[in-house]
Amino acid sequence: AISWEAHAINEEKAAVIAENRYVREEVIRANSQLEALQSQLRHEVVGMIDHTRRTSETEASWENLLEMRMRMQWQSAMAKVAEVEAQEQECVRSLLEVGE
């Protein structure tokens, strides 16, 4: 009877050891998958940060271009105003000369 009990205990130990091995392998597999997902997530986050930075730089570039274009249009408009004022003064001079 003792040898049968010892045999049953040994079988139970073997089953527990096999189960522990299986669980350990599952934990190792799960950790490996977790590391892969973390790596992928880090890569995606870095990509999103880079995209956001580039988008911000692009927006800043567009704002700079728009500001520069508006400044050029303003300067062009002011040059036209100065040109019209000069023509106006020339007309006034001509009228004064004709009036004399």
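None of the values given here were measured: they were computed from a predicted structure.

Participant: What is the right way to look at the overall build of the protein chain in this model?
Facilitator: Each helix and strand counted, the protein chain has one helix and zero strands in total. Against the compact-globule benchmark of 13 Å for 100 residues, the protein chain has a radius of gyration of 43 Å, which places it well outside the compact range. Projecting the C-alpha coordinates of the protein chain onto the three principal axes gives extents of approximately 145 × 10 × 5 Å.

Participant: Help me understand the pattern of salt bridges in this model?
Facilitator: A side chain of one charge can pair with a side chain of the opposite charge when the charged atoms of the two come close. A full pass over the atoms with the stated rule returns six salt bridges. Its salt-bridge partner being R93, residue E90 comes within 2.8 Å of it at the nearest N-O pair. With E90 and R93 both in helix α1 (residues 2-99) and three residues apart, the pair spans about one turn of that helix. The class of E90 is partly exposed, set by a relative accessible area of 41%. One network of salt bridges, with partners in common, ties together D50, R53, R54 and E57.

Participant: Can you help me understand the environment of H51 in this one?
Facilitator: You can see H51 is positioned in helix α1. Residue class for H51 comes out partly exposed when judged on its relative accessible area of 47%.

Rules used in this analysis
- Residues numbered from 1 in each chain as written.
- Predicted model: local features only at pLDDT ≥ 70, side-chain atom pairs only at ≥ 80, totals over all residues.
- Heavy atoms only, no water.
- Helix = DSSP H or I, 4+ residues; strand = E, 2+ residues; numbered from the N terminus.
- Rg over C-alpha atoms; globule rule 2.2 N^0.38 Å.
- Salt bridge = Lys/Arg side-chain N within 4 Å of Asp/Glu carboxyl O.
- Buried < 20%, exposed > 50% of the residue type's maximum accessible area, 1.4 Å probe, protein only.

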